[in-house]
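Survey of secondary and tertiary structure
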Amino acid sequence: MTAHIESADLSAKHQHPPSVAEAVGYWRPWRWLVSIIFTLLVAQFLVTLALNPNMQWHVVLDYMFHPVVLRGLMMTLLLTFLAMLVGFTLGTGLALFRLSPILPMQMFALGFTWLFRSIPTLVLLIFLYNLAILIPEVSLKIPFGPTLWSQDTNVLVTPFVAAIIGLGFHKAAYMSEIIRAGLLSVDDGQRQAATALGMSSGTTLRRIVLPQAMRVIIPPTGSEIISTLKLTSLVSVISMSDLLYTIETIYSRTFQTIPLLLVACIWYLVLTSILQFAQRYVERYFGRGYRAPGGKDNRAEAEG
Amino acid sequence: MKSSGVIMKTVQPVVFAHEVRKRFGENEVLRGVNLNVHASEVVVILGSSGSGKSTFLRCLNQLEEIDGGWIEIDGDPAGYEVVGGVVRPLGDRRKVLQRRALGMVFQQFNLFQHLTALENVTEAPISVRGTPKAEARDKALALLETVGLADRARLYPYQLSGGQQQRVAIARALAMEPKVMLFDEPTSALDPELVGEVLSVMKTVAKAGTTMIVVTHEMGFAQEVSDRVEFMDNGVIVQSGPFNELVSNPASAKVAAFVRQAIH
Ligand SMILES: Nc1ncnc2c1ncn2[C@@H]1O[C@H](COP(=O)(O)OP(=O)(O)O)[C@@H](O)[C@H]1O
Ligand SMILES: [Mg+2]
């Protein structure tokens, strides 16, 4: 039993205590000083950069929306998209191979990942570009059996195809690890519940496991897309007219190197920013059904 | 009705388990379990932790492969077939079809985290049975109504209490219209005040004539709802009979001790 204390028993200063809500702000002079110095330094750097006449902003503006540049930009986007498509599809397959109970499939996935993570993408691209020297003819045949179909390598592996394979395989090696981690992150109880409901392993994967794995897969995939976007600039070595190659072609003619490189940089910046923005929405979509960090609901409608 | 040659009763049990054996490495978990459950029967399995109750339920719906014995669900041999006197394992496709005859409710609910309560219930009917969406939805809403959660249909699992999640899980299993419902300690993960709502839903399901096998420590439920209690100890069923008989006339000191402790 605690004794009941009447307010009359309290001393005068406890009758009407102050409230911290009325407190004044705490003075932090160092924070202010550091903030001001930092802001000034950054501002000066940016202004100097912007006002440098060597930047030739008018040239930048001239080429920013030049049809040739835009065509290069489209090629960069197409390459990024296709490389990621190959990377994600093949990566999912490799991840499933890795988790399969069949040993040769595990070994294949392991070997593939090892190989294409080890070879520098630049070397891989040049290699694929010159594939015809090594393998003059590509054919489809039954192992140790008859040939069903064959084709000249140079016809089949155009620079475009070489670029897609090179970038795509490289991405697949990285994506398979990301997807595998995602698949492993899904609680086994989810699979068991699906199996007990009579879902086949394929349906379970498609409807239950993958959608939940996506929550873990998306954030690193976002970084992978951005890195792919920049990685596509490597294809200029096999004379694919992507953004960078187009820019190089122009400045080798006009010698306006700096402003043209600025055009490329600005475009890469714009695309990356758009991608980062889009990632937020995709993350939110796959984050449904999970409490957001900080305990807030992901969907307002969910409060009911 | 298929004549399997194993049983010759006039009424075929919905669940027929004969000398079921299961080993995990050196650890023999089920050492010849026998159990027959007839249509509309409610059987409660009791037994201390680690005695093999969960493993047995998982063997019934083939989440685990058995090492010996024989299981039939509604006359259909589970996981095997007998062709010309030879016992052969079935392919995965056939096993998947067989599992639909059994609904399972887990201790940890295992609701699909990325789906709302309603979607949890409609998912299997749509993706497994190909039920039209509108039809699956109407039926799911009716089932959610039965478990008292019609107003929570649009919420995600994490927005529901444990008791509500387990009720959704029951509705989800019922949506596939299984011949038997298996419950593996459905209230063990719940706060004490939430146990009652789940048990009352289970009672409703039992009253509707559903064949049920329930692993639980809830003696009140066993006494009130079960037709029969099976006591499992160390991988075998050591006593089988009405609840009151188990209490008044325990077959062994172990059964007596378990009952005394569970009833307080
Ligand atoms: N997947 C598994 N691998 C190895 N041992 C297992 C596995 N599942 C269960 N067991 C073992 O089987 C025994 C019985 O477990 P279980 O069926 O869960 O008992 P109960 O449900 O009666 O508590 C325990 O000793 C447990 O450790
Ligand atoms: Mg158990």
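Heads up: the structure comes first, above all this text.
Residues numbered from 1 in each chain as written. Chains lettered and ligands numbered in written order. Predicted model: local features only at pLDDT ≥ 70, side-chain atom pairs only at ≥ 80, totals over all residues. Heavy atoms only, no water.

1. Side note on the overall build of chain B
Within chain B one finds nine helices and twelve strands. In terms of C-alpha radius of gyration, chain B reaches 19 Å, essentially the compact-globule figure of 18 Å for 264 residues. Taking the principal axes of its C-alpha atoms as reference, chain B extends roughly 55 × 45 × 40 Å. Out of the 264 residues in chain B, the part that is buried amounts to 55%. Contacts in chain B between residues at least 24 apart in sequence constitute 64% of all its contacts with a sequence separation of at least 6. For chain B, the accessible area works out to roughly 11,700 Å², and carbon and sulfur atoms hold 48% of it. Mean positive and mean negative side-chain charge positions of chain B (28 and 30 charges, respectively) differ by 4 Å. (Helix = DSSP H or I, 4+ residues; strand = E, 2+ residues; numbered from the N terminus. Rg over C-alpha atoms; globule rule 2.2 N^0.38 Å. Buried < 20%, exposed > 50% of the residue type's maximum accessible area, 1.4 Å probe, protein only. Contact = heavy atoms within 4.5 Å. Areas by Shrake-Rupley, 256 points an atom, 1.4 Å probe, with all protein chains shown as cover. Lys, Arg positive; Asp, Glu negative; His and termini not counted. Charge placed at Lys NZ, Arg CZ, Asp CG, Glu CD.)

2. A closer look at the overall build of chain A
Counting its regular elements, chain A contains 13 helices and two strands. Over its C-alpha trace chain A gives a radius of gyration of 29 Å, far above what one expects of a compact globule, namely 19 Å for 304 residues. With the C-alpha coordinates aligned to their principal axes, the bounding extent of chain A is approximately 105 × 70 × 35 Å. Classification of the 304 residues of chain A by burial places 35% in the buried group. Taking the intrachain contacts of chain A between residues at least 6 apart in sequence as the baseline, contacts between residues at least 24 apart amount to 70%. If you sum the accessible surface of chain A, you get close to 18,900 Å²; carbon and sulfur atoms cover 68% of it. Seen as two clouds, the 21 positive and the 16 negative side-chain charges of chain A have centres 3 Å apart.

3. Some points on the packing of aromatic side chains
Residue and element names in this part refer to chain A. All told, the structure shown has ten aromatic pairs over all chains when counted by the stated rule. Residues Tyr285 and Phe286 carry aromatic rings whose centres are separated by 5.0 Å and whose planes lie at 85° to one another, so their mutual orientation is edge-to-face. Of the aromatic side chains, those joined through ring pairs into one cluster are Phe97, Phe108, Phe112, Phe116 and Phe169. (Phe/Tyr/Trp six-rings, centres within 6.5 Å; stacked < 30°, edge-to-face > 60°.)

4. A short note on the nonpolar core
Residue and element names in this part refer to chain B. One finds Leu144, Ile170, Met202 and Met212 to be the most contacted residues of the largest nonpolar core, which totals 48 residues. The greatest single-element share of this core, amounting to eight residues, is contributed by helix H6 (residues 192–207). Split by domain, the residues of this core number at least three in each of domain 1 (2–101 + 178–263) and domain 2 (112–177). Contact partners of Met212, with chain neighbours within four places excluded, come to Glu41, Val42, Val43, Met181, Phe183, Met202, Val205, Ala206 and Phe221. Within the second largest apolar cluster, 40 residues are counted, among which are Ile71, Ala78, Ala124 and Ile213. (Core = buried A, V, L, I, M, F, W, Y, C linked by side-chain atoms within 4.5 Å. Domains from an automatic or database assignment.)

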